[in-house]
Amino acid sequence: MKVPNPGNTPSLVNARRRINDSKVIKCNFKLDAKLKKIGINKKYFVKTYGCQSNVVDGQNIAGILENMGYSPAPDILDADLIILNTCAVRENAELKVFGQIGLLKKLSKKPGFIFGICGCMAQEENVVNRIVTKIAHVNFVLGTHNLYELPYVIEEVVETKKQVIKVYSKEGDIIEGLPIIRVDKIKAFVNIMYGCDHFCTYCIVPYTRGKIRSRDKADIIQEINDLIKQGYQEVTLLGQNVNDYGIDKKDGYLFINLLEDVCKTKITRVRFATSNPWNFNKQIADLLLKYKNLMPYFHLPIQSGDEKMLARMNRKMKIDDYINLVKHIRKTIPNVAISTDLIVGFPNETAAQFNNTLKLFNTIKYDNAYTFIYSKRSGTPAATMPDKISTSTKQLRLAKLNELVRKYAKINNEKFLNQVIEVLVEGRSKTDADVLTGYSPEWKVVNFTGSAKVGTIARVKITSISRFSLNGVVV
């Protein structure tokens, strides 16, 4: 299946455009005999960086490759085909990828070896220009909007022996029916939508992932029912901002409606990520009272505790509204766990503005937080903002914030001591074969001893706690 080519190289200007011409493409993904034979007796390795959406992309890539005859390689150095599935959210992620690209150069001399780059970095102009002009051993670059073209790209590389760039700076369509290989047989990520239209000034995602496109309800529910038949116990509904689900369709069927329909299926556990708090529906908390399979854990990224800083980030949340939202959630669901994302060192963040972030953290007392020093992303508005804050100041602020993260993570875990909680058993601990591990409904890591079958719910009494995990025994 091919679509008209709207251009082979990325453009951030074109990627910013929002025109309502996206469509749902249903494909059975049937390859012709020639494409099915390309990977016979060859091995592939896909290395994925970044978020859960990238994980799903990596699983689709694996599914496509195995349809082409490839088999998974036990180690990256054993592969005949390597694909780096990249992330562009922070500079450090890009540096890791370019470092890996350099390390893999020696493999390019291997007969028939193919090396490709896909994911969000593939949608960045500067990245693709660097590859085209300086990195000849990368055989192809494939964008986020056209993963389904992977077989044809590989075929072109094999036949022409030339570097192939296929990156579309269009809004993106919804492709249903792509093959998928999930490594985890207990928990699954399910995309409910793609893209983002919010354009936070620091964020590259609206450019690399395109505009909001919501999947049809029927396709989502069918995917979840298929997962149930395969024995999966938990699904996490994914979207850059799941609260935006359905607003592009204009039929009145929104995220709150989809979430309830998913809860009505027989899946044991339901989670979702991520929610921009400014348009979080308070009725979701009421759903937790109605459906026991909806887990009491919310990730509510605020990014800063200062309203002027939020305005410069193009984040629409008011701090008092955010605090009141958390109060409502906790009043409705007393055992709920709440985490957040926070950026320190945004251009010209003052000491007072940073202290407002600390103040908010002390007010909310989060279970956990993902904290970062601001990372400049070329092409975003924030990248052109003047910044006089020293790197050392930013590092000190991050360290101070992380002290609070550790403090409240432990305090929040202490309430589980001597309690019996339900844990989805995921397997053996990587550090101790006698210890089982899994997650509580509140997204707490639980390490425990006793007899329990992987893929089932075990009742575990918590006997000790640490900052970021609970320890116990099966009862």
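Given the structure is predicted, the values throughout are model-derived calculations rather than measurements.

A.B. asks: What is the right way to read the packing of helix H12 (residues 319-332) against helix H13 (residues 351-364) from this model?
C.D. replies: What describes two packed helices is the angle between their axes and the distance between those same axes. Packing of H12 against H13 brings their axes to within 11 Å, and their N-to-C directions diverge by 15°. When the interaxial angle is binned, H12 and H13 end up roughly parallel. Where H12 crosses over H13, the handedness of that crossing is right-handed. Seen from H12, the contacting residues are Ile-319, Tyr-322, Ile-323, Val-326 and Arg-330; seen from H13, they are Leu-360, Thr-363 and Ile-364. For the contact of H12 with H13, the class distribution of residues is six nonpolar, one polar and one charged.

A.B. asks: What should I look at first to understand the layout of surface pockets in this one?
C.D. replies: Left-over empty space is what a probe sized like a water molecule reveals as it rolls over the atoms. Of the pockets and cavities examined, the second largest pocket occupies roughly 720 Å³. Only helix H3 (52-67), strand E8 (174-176), strand E9 (187-191) and helix H8 (217-229) provide two or more residues apiece to the lining of the second largest pocket. Here the lining of the second largest pocket takes five residues from H8, the largest share from any one element. Of the residues in the lining of the second largest pocket, the class split is 14 nonpolar, eight polar and eleven charged.

A.B. asks: Got a minute to help me understand the sheet that holds strand E18 (residues 436-439) in this structure?
C.D. replies: Strands in a sheet are paired, the pairing made by backbone hydrogen bonds, and the direction either parallel or antiparallel. A barrel is described by the order of its strands in space; here five strands give the closed sequence E17-E18-E19-E21-E20, paired in mixed fashion. Sheet twist, expressed as the average angle between the axes of neighbouring strands with direction ignored, equals 50°. Where strand E20 (residues 457-465) lies against strand E21 (residues 470-474), five bridges are found, and the strand directions are antiparallel. Bridge assignment links Lys-461 to a residue of E21, and that residue is Val-473.

A.B. asks: Is there a simple way to explain the pattern of salt bridges in this structure?
C.D. replies: If charged atoms from side chains of opposite charge come close, those side chains can pair. Throughout the structure, instances matching the rule amount to 18 salt bridges. For Arg-271, the salt bridge is made with Glu-234, and the minimal N-O distance between the two is 3.2 Å. On the criterion of sequence distance, the pair formed by Arg-271 in strand E13 (residues 269-273) and Glu-234 in strand E12 (residues 234-238) is long-range, its members being 37 residues apart. On the basis of relative accessibility, which here comes to 5%, the residue Arg-271 falls in the buried class. Residue Glu-234 is classed as buried on the basis of its relative accessible area of 1%. In this structure, a network of salt bridges that share partners links the residues Glu-176, Arg-182, Arg-215 and Glu-223.

A.B. asks: Please explain the pairing of strand E5 (residues 114-119) as it appears in this structure.
C.D. replies: When a strand is regular, its side chains alternate between the sheet's two faces. Of all six residues that make up E5, six are buried, and the element is covered over most of its length. Burial of the side chains of E5 extends over both faces: Ile-114, Gly-116 and Cys-118 are buried on one face and Phe-115, Ile-117 and Gly-119 on the other. As paired elements, strand E4 (residues 81-86) and E5 share six bridges and run parallel to each other. Of the residues in E5, the one forming a bridge with Asn-85 is Cys-118.

A.B. asks: I would appreciate a short explanation of the pairing of E9 in the present structure.
C.D. replies: Burial within E9 is extensive, with four of its five residues counted as buried. Two elements, E9 and E12, share five bridges in a ladder whose sense is parallel. Bridge pairing in E12 links Lys-187 to Glu-234.

The rules we used
Residues numbered from 1 in each chain as written. Predicted model: local features only at pLDDT ≥ 70, side-chain atom pairs only at ≥ 80, totals over all residues. Heavy atoms only, no water. Axes fitted to C-alpha atoms, helices over the stretch in contact; angles between N-to-C directions. Helix = DSSP H or I, 4+ residues; strand = E, 2+ residues; numbered from the N terminus. Parallel < 35°, antiparallel > 145°, perpendicular 65-115°, else oblique. Left-handed = near helix turned anticlockwise from the far one by under 90°. Contact = heavy atoms within 4.5 Å. Nonpolar A, V, L, I, M, F, W, Y, C, P; charged D, E, K, R; others polar. 1 Å grid on protein atoms, 1.4 Å probe; cavity = no way out; pocket = protein on both sides within 12 Å on 5 of 7 lines; lining within 4 Å. Points joined across faces, edges and corners; volume = space filled by probe spheres on them. Pairing = 2+ DSSP bridges. Salt bridge = Lys/Arg side-chain N within 4 Å of Asp/Glu carboxyl O. Buried < 20%, exposed > 50% of the residue type's maximum accessible area, 1.4 Å probe, protein only.

Read these as layout, nothing more, since geometry by itself doesn't imply function.
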